[in-house]
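In case you want the letters, here they are:
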Amino acid sequence: MKKVNKLSFTDKHFYIGLDVHKKQWTVCISDNQLMIENYTMNPSPQELKKHLDKRYPGATFHSTYWSMY
């Protein structure tokens, strides 16, 4: 049987840009060199944390408010 390694982003840093509005947030995730994800979501800190923990387990996140205007 083949052993499957669990995905881990330990010691990896990601930068989260947030464009926040009452009805939705636009989220941009990048590392030092590449944009990894760009999506919209419901305005919920809990939902954002759940997404980040699921997609990037063990990573360190840095966030900032971001505005397109």
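Everything numeric here is computed off the predicted structure, so don't read it as measured data.

(A) Local environment of the pattern of salt bridges. Under the defined criterion, the tally for this structure stands at three salt bridges. Between Asp31 and Lys12 there is a salt bridge whose closest N-O contact spans 3.4 Å. Of the two residues, Asp31 sits in the loop between β2 (25-30) and β3 (35-41) while Lys12 sits in the segment before β1 (13-20), which places them 19 residues apart along the sequence. The exposure class assigned to Asp31 is buried, which follows from its relative accessible area of 16%. Put simply, Arg55 and Glu37 hold a salt bridge, and the shortest N to O gap is 3.7 Å. Taken together, the residues Arg55 in helix α1 (residues 45-55) and Glu37 in strand β3 connect sequence positions 18 residues apart. Using a relative accessible area of 12% as the deciding quantity, one classes Glu37 as buried.

Analysis parameters
- Here, residues in each chain are numbered from 1, in the same order as that chain's written sequence.
- Note on the predicted model: pLDDT of at least 70 is required for a residue's local features to be given, and 80 or more for side-chain atom pairs to be given and counted; whole-chain, interface and lining totals, by contrast, use all residues.
- Note: side-chain values were computed over all heavy atoms of the structure, leaving out hydrogens and water.
- The salt bridge definition used is simple: a Lys or Arg side-chain nitrogen within 4 Å of an Asp or Glu carboxyl oxygen.
- Put simply, DSSP marks the helices as runs of H or I at least four residues long and the strands as runs of E at least two long, and each gets a number from the N terminus on.
- A 1.4 Å probe rolled over the protein chains alone gives each residue an accessible area, and that area as a share of the maximum for its type sets the label: buried under 20%, exposed over 50%, partly exposed in between.

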